[in-house]
Amino acid sequence: MESQPLRTSVIGSYPFPGWLEFSAQHLSSFGSADLSEMQDDAATVAIQDQIAAGLDVITDGEQTRFDFNLSFYGFIEGITLEPASPRRFGPPAHDQRGKHEITGELRAPRGLGAVEEFQRLKRLAGASGKRLKVSVPGPYTLSGRLAPNTQYPDRYAITQALLPIVRQEIADLVAAGAEEICVDEPSMSCYGFREDTRRFVDLFNRTVESGYGRARICTHLCFGNFKGHPVGYRKYAPLFPAFFDLHCDEIHVEMANREYAELEIIGEIAKRTDVAVGIIDVKSYYIETPQNIAEAVKACLKYAPAERLVFAPDCGLSQTARWAARQKLANMVAGVQLVRQSL
Ligand SMILES: [Zn+2]
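Computed from a predicted model, the values in this text were never measured in an experiment.

**Brief notes about the overall build of the protein chain**
Summing up its helical and strand segments, the protein chain has 11 helices and 12 strands in all. Against the 2.2 N^0.38 benchmark of 20 Å for 343 residues, the protein chain shows a C-alpha radius of gyration of 19 Å, consistent with a compact globule. In terms of its C-alpha atoms, the protein chain occupies a principal-axis envelope of roughly 55 × 45 × 45 Å. Burial statistics for the protein chain: of 343 residues in total, 42% are counted as buried. Look at the contacts in the protein chain between residues 6 or more apart in sequence, and 81% of them connect residues 24 or more apart.

**Here we look at the sheet that holds strand β12 (residues 309-313)**
Taken in spatial order, the 7 strands make up an open sheet running β1-β12-β11-β10-β9-β8-β6, and their pairing is parallel. Single-partner strands in this sheet number two, and they are β1 (7-8) and β6 (134-137). Here 5 bridges tie strand β11 (residues 274-280) to β12, and the two strands are oriented parallel to one another. Its bridge partner being in β12, A276 is matched across the sheet by V310.

**As for the sheet that holds strand β3 (residues 77-80)**
The strand order across the open sheet formed by 3 strands is β3-β4-β7, and the pairing between neighbours is mixed. Unpaired on one side and paired on the other, β3 and β7 (146-147) mark the two borders of the sheet. Alignment of strand β4 (residues 100-107) against β7, held across 2 bridges, turns out to be parallel. Paired with E101 across the bridge in β7 is A147.

**Observations concerning helix α8 (residues 197-208)**
Compared with the 16 Å implied by 1.5 Å per residue over 12 residues, the 17 Å span of α8 between its first and last C-alpha is a close match. Within α8, the full set of buried residues consists of F200, L203, F204, T207 and V208. Around the axis of α8, the buried residues are gathered within 120° of arc, so they sit on the same side. If you follow the buried residues of α8, they end up packed against α5 (139-143), α6 (155-175), β8 (180-184), α7 (186-191) and β9 (216-221).

**Concerning the nonpolar core**
The biggest cluster of nonpolar side chains holds 86 residues, and the ones touching the most others in it are I181, V253, V275, V277, I279 and F311. Among the elements that line this core, the one with the most residues is α6, at 7 residues. Other than its neighbours up to four places away in sequence, V253 contacts L221, Y236, I265, I266, V275, V277 and G278.

**Focus: the packing of helix α4 (residues 114-125) against α6**
It is the contact of α4 with α6, at a shortest axis distance of 9 Å, that shows an interaxial angle of 25°. By the criterion of interaxial angle, the relationship of α4 to α6 is roughly parallel. You can see that α4 and α6 cross each other, and the crossing is right-handed. Packed against α4, whose contacting residues are A114, V115 and F118, the element α6 presents E169, D172 and L173 at the interface.

**Points about unusual backbone geometry**
The step from F240 to P241 runs through a cis peptide bond, and the omega angle for that step is 10°. As for its position among the elements, P241 is in the loop between β9 and β10 (250-254). Not every positive phi belongs to a glycine, and E259 is a case in point at roughly 50°. Inspection of the secondary structure puts E259 in the loop between β10 and α9 (265-270). Classification of E259 as exposed rests on a count of 8 C-beta atoms within 10 Å.

How each quantity is defined
- Residues numbered from 1 in each chain as written.
- Predicted model: local features only at pLDDT ≥ 70, side-chain atom pairs only at ≥ 80, totals over all residues.
- Helix = DSSP H or I, 4+ residues; strand = E, 2+ residues; numbered from the N terminus.
- Rg over C-alpha atoms; globule rule 2.2 N^0.38 Å.
- Buried ≥ 20, exposed ≤ 12 C-beta atoms within 10 Å, placed from the backbone.
- Contact = placed C-beta atoms within 7 Å.
- Pairing = 2+ DSSP bridges.
- Expected span 1.5 Å × (residues − 1).
- Arc of directions from axis to C-beta.
- Core = buried A, V, L, I, M, F, W, Y, C linked by C-beta atoms within 7 Å.
- Axes fitted to C-alpha atoms, helices over the stretch in contact; angles between N-to-C directions.
- Parallel < 35°, antiparallel > 145°, perpendicular 65-115°, else oblique.
- Left-handed = near helix turned anticlockwise from the far one by under 90°.

Now the structure itself:
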């Protein structure tokens, strides 16, 4: 897959505008045409913010996943929507998000919706000259929101059932012309310290076999971002060397929020694939300056060559207020540009 030195990219999600959050809580007031218009408008807002920032690679900001029925889970048959949160008060944490119940065979006869998202992105941003990226969660990450039952007794059984569904979605994305597909597996990085990492690699490689070599396959390995809070054991060392065998063209690692701990790992990753480095802390309201970014880029260049390096925020921006997300992206691009000029 082709490379672009010091490429600037994003993970996928972007904060919803206030009007979209409000509308998502009042969907019954809208007709189907209103809803289509809303989806187009929401994606346009995210696209325009990313273009204005000057990014090389853009997404639709995952702006149309604003309702359960429009999320990946809404496309999967055999599950019912999670009941109300088991804990509604107190500090935000992952336990406030319940699990969807499995009530039948897991199937997705209409796909997962990512193809429609990509087609919308292409229609709205195809003329921008920007590289378009679409993201889908990997089956292990997707399984985390589903409660095991007698038919699917543990998380791996659910993952096995979801794997062909995601694999088919990737095949359909390639057929639709997607050139860059991010298969998000943050649950693998969160729990790799206590799980069989070889088993993770096998699951990932079987998932992407429908796209690897036909599109640029990326993966995003962060340590969680529930309302700005991580959940994983925030070290990459337990994932390697097994994860060097992931069949992908770009591995993304979260660095800014971890004060660039284990930065040397990007040198090892870059021997095999492109490495995307998180240099924007999506959990902090300190806005990185272009100078901060340029220093981080230069630190990365001590370990990996420019041709292998991609720069992005640590995670999707959906949990970061839009005013901050917009400025952080603009400063990221400006900072990378400062270093590009000095190469
Ligand atoms: Zn993430």
